[in-house]
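Chain by chain, the residues:
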Amino acid sequence: MRIIAVEDHWPEYGTIVVRDTHGVDPASRSRPGLPLLDEHAVDAQPGGTIAKAGDGWLQASARDARHHVRLEAHHGPPPADDAWHDVVETPYYANTGSVMLTTVLYGDNYADRPLQLGAPGMYRVRVSCRRTSPEIHGFEASEGDLWRMQFWAAPGTPQPPRWLARSQPAVRSGRTGWEAVLGLPYQEVLHAVQVAAGTGDATEEQIAAAYQPWSSSSGDWSAPLSEDLSDYAVQLGVPAPATRQELLRLLVAAGLVIAETSTEVTRYRPPASPPHVEEVLRLPDEQVTMIRRQDAFHRYTSFAADLAAVAVWSPGCTVSATPEELSHQLLATEEEIHGAIRYGAERGLFSTSGDEGTFTAMPRLPPPARGRPQSPKARVRRFENGRAIYP
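A quick note: this is a predicted structure, and the numbers were derived from the prediction, not measured.

Enquirer: Tell me about the overall build of the chain, and name the residues and values.
Expert: Tallying secondary structure elements over the chain gives 8 helices and 18 strands in all. Within the chain, counting contacts between residues at least 6 apart in sequence, those at least 24 apart form 70% of the total. Looking at the chain as shown, the accessible area adds up to about 19,700 Å², and 50% of this sits on carbon and sulfur atoms.

Set out below in structure tokens:
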């Protein structure tokens, strides 16, 4: 086994990137016979929920922090290790037979530390992430997580990615839309409620003590609000708030904060399931449409990238499986899978045939001709010799 370990790595744009080392003429590269394996061939979120890979590249979704990244080359599939929170296995096509840690913008900080895999060709990589706190022995150098990428040769027909562990659901929790209506002060006050409620004694005095402005334009707890929330206050039957202190009453009326009074002391806490803004307020239709689109984006964009990763490694870039099969492969519920396929089809990421578990990954639209708007129909219609053919 060969290992390259990099501590204290802060990835660009929250994306850890591994690519082939330099030295291959793009025109002479052999390809695995699938047309959408280039890094930017599909308009999907980098990294997906955990990680994805293709022809000479791998992306992993990380939080903004300094991480410990470990690249390993194995002679065969390494034994399973249960000490990881998130795990996915995916094919990787290596054109040079070696890889290196890099950045979204092709940084060369680690170019002198390549990991030798072996002969160019098809590999499989198991990407694992452990959410590690700094006090764990051997990991003091980083505030972030421990990432491990284990590569081994896997010649022959590539098997699509498979998710082996998830620390959270495949589909994220949605957005209620209140931030689009009430703005930053709402988020600041709600955060103060959450902090104070964590102590078990979230009185108004404790919330005021927990309040911290999030930007230089925010005032203190009793500073005047610059936002005019009078229209929403009328709908909720409360006075228009002029300060963050008064905004707390509006949040209670909207159901975003629960107020409970006992022995003449009122304490506050956030509800388990806050209502969506369009369920409480009358809003213009176009604003409701925008809020629902933002909610769908937040829920499905990462998981739709997982589905796209499965498709691009499948024959014809098409997945045809039962919902139960996809559920086992992706570690997701059938409901989550159906929702992500619908979202991907609406965004033009997939085309669907009407069959429940069948969808095809679509290539990224080519750049529009100068002076001409891009037609939604300007999609790839067929593939020849592993390359996209445009109409």
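Enquirer: I'd like a description of the side chain of Thr103, backed by residues and values.
Expert: Its place among the elements puts Thr103 in the loop between β7 (98–102) and β8 (115–116). A polar contact of 3.3 Å, which involves the side chain of Thr103, links it to the side chain of Glu12. Of note is the side chain of Thr103, whose polar atom sits 2.7 Å from the backbone nitrogen of Gly107. Setting aside anything within four residues of it in sequence, one finds Thr103 in contact with Glu12, Val17 and Arg19.

Enquirer: Explain the environment of Gly348 to me, using residue names and the numbers behind them.
Expert: On the secondary structure map, Gly348 appears in the loop between α8 (334–346) and β15 (350–352). A relative accessible area of 18% places Gly348 in the buried class. As for Gly348 and Asp43, which are separated by 305 residues in sequence, their C-alpha atoms are 8.7 Å apart.

Enquirer: Which residues make up the pairing of strand β6 (residues 86–94), and what values go with them?
Expert: Among the 9 residues of β6, 9 are classified as buried, and the element is accordingly described as predominantly covered. The two faces of β6 match: Asp86, Val88, Thr90, Tyr92 and Ala94 on one face and Val87, Glu89, Pro91 and Tyr93 on the other face are all buried. Sheet topology note: the β6/strand β11 (residues 162–165) ladder contains 3 bridges and is antiparallel. Within β11, the position partnered with Val88 by the bridge is Trp163.

Enquirer: Please give an account of the sheet that holds β6 that cites residues and values.
Expert: In space, the 6 strands of this open sheet follow the order β1-β5-β10-β9-β6-β11, with mixed pairing throughout. The outermost strands of the open sheet, each flanked by one partner alone, are β1 (2–9) and β11. On average, each strand axis in the sheet is inclined to that of its neighbour by 20°, with strand direction left out of account. Two elements, strand β5 (residues 67–74) and strand β10 (residues 146–153), share 7 bridges in a ladder whose sense is parallel. Along β10, the bridge assignment pairs His68 with Leu146.

Enquirer: Give me the lowdown on the packing of aromatic side chains, citing residues and values where you can.
Expert: Counted under the stated rule, the structure contains 4 aromatic pairs. With a centroid separation of 4.9 Å and an interplanar angle of 50°, the aromatic rings of Phe350 and Phe359 are classed as tilted. The burial state of Phe350 is the same as that of Phe359; both residues are buried. Just above the ring of Tyr106 sits the side chain of Arg19; from NZ or CZ to the centre is 3.6 Å. Across from the ring centre of Trp84, 4.3 Å away, lies the NZ or CZ of Arg130, which sits over that ring.

Enquirer: How would you explain the nonpolar core if you had to name every residue and give the values?
Expert: Membership of the largest hydrophobic core comes to 63 residues, with the highest contact counts inside it found for Leu58, Trp147, Met149, Phe151, Phe303 and Leu330. Among the elements that take part in this core, helix α6 (residues 285–312) stands out by supplying 9 residues, more than any other. Judged by nonpolar contacts, the second largest core, of 32 residues, contains Ile207, Tyr211, Ala233 and Leu248.

Enquirer: Account for the sheet that holds β8, with residues named and values stated.
Expert: Here we have 5 strands laid out as an open sheet, ordered β3-β4-β2-β7-β8, and antiparallel in their pairing. Bordering the open sheet on either side are β3 (51–53) and β8, each of which pairs with just one other strand. Two elements, strand β2 (residues 15–20) and strand β4 (residues 57–61), share 5 bridges in a ladder whose sense is antiparallel. Paired with Ile16 across the two strands is Ala60, which belongs to β4.

Enquirer: Tell me about the confidence of the model for the chain, and name the residues and values.
Expert: With 89% of its residues at a pLDDT of 70 or more, the chain has an overall mean of 88. Here residues 135–142 scores under 50 on pLDDT; set against residues more than four positions off or in separate chains, the count is 14 contacts. Overall, residues 375–391 carries pLDDT values under 50, and its contacts beyond four positions in sequence, including any with other chains, amount to 34 contacts.

Enquirer: Could you give an account of the pattern of salt bridges, with specific residues and numbers?
Expert: Under the defined criterion, the tally for this structure stands at 17 salt bridges. Notably, a salt bridge pairs Asp145 with Arg131, separated by 2.9 Å at the nearest N-O pair. You can see Asp145 sitting in the loop between β9 (121–130) and β10 and its partner Arg131 sitting in the loop between β9 and β10, a full 14 residues away along the chain. Judged by relative accessible area, Arg131 falls into the partly exposed class, the value being 32%. The partner of Glu278 in a salt bridge is Arg292, and the shortest N-O contact between them spans 3.6 Å. Placement of Glu278 in helix α5 (residues 277–280) and of Arg292 in helix α6 is noted, with a sequence separation of 14 residues between them. Overall, Arg292 belongs to the exposed group, its relative accessible area being 51%.

Enquirer: Describe in detail the environment of Trp221, supporting the description with residues and values.
Expert: Here Trp221 is to be found in the loop between α2 (204–210) and α3 (230–236). It is 6.0 Å that separates the C-alpha atoms of Trp221 and Gln245, two residues lying 24 residues apart in sequence.

Enquirer: How would you explain helix α1 (residues 178–197) if you had to name every residue and give the values?
Expert: Its 20 residues place the ends of α1 only 20 Å apart at the C-alpha level, less than the 28 Å of an ideal helix rising 1.5 Å per residue. Taken residue by residue, α1 has Trp178, Val181, Leu182, Gly183, Pro185, Tyr186, Glu188, Val189, Leu190, Ala192, Val193 and Ala196 as its buried positions. Buried residues belonging to α1 abut α2, α3, α4 (244–254), β13 (265–269), α5 and α6.

Rules and cut-offs
- Residues numbered from 1 in each chain as written.
- Predicted model: local features only at pLDDT ≥ 70, side-chain atom pairs only at ≥ 80, totals over all residues.
- Heavy atoms only, no water.
- Helix = DSSP H or I, 4+ residues; strand = E, 2+ residues; numbered from the N terminus.
- Contact = heavy atoms within 4.5 Å.
- Areas by Shrake-Rupley, 256 points an atom, 1.4 Å probe, with all protein chains shown as cover.
- Polar contact = N/O pair within 3.5 Å; in protein donor to acceptor, adjacent residues only side chain to side chain.
- Buried < 20%, exposed > 50% of the residue type's maximum accessible area, 1.4 Å probe, protein only.
- Pairing = 2+ DSSP bridges.
- Axes fitted to C-alpha atoms, helices over the stretch in contact; angles between N-to-C directions.
- Phe/Tyr/Trp six-rings, centres within 6.5 Å; stacked < 30°, edge-to-face > 60°.
- Lys NZ or Arg CZ within 6 Å of the ring centre and 35° of its normal.
- Core = buried A, V, L, I, M, F, W, Y, C linked by side-chain atoms within 4.5 Å.
- pLDDT = per-residue confidence, 0-100.
- Salt bridge = Lys/Arg side-chain N within 4 Å of Asp/Glu carboxyl O.
- Expected span 1.5 Å × (residues − 1).

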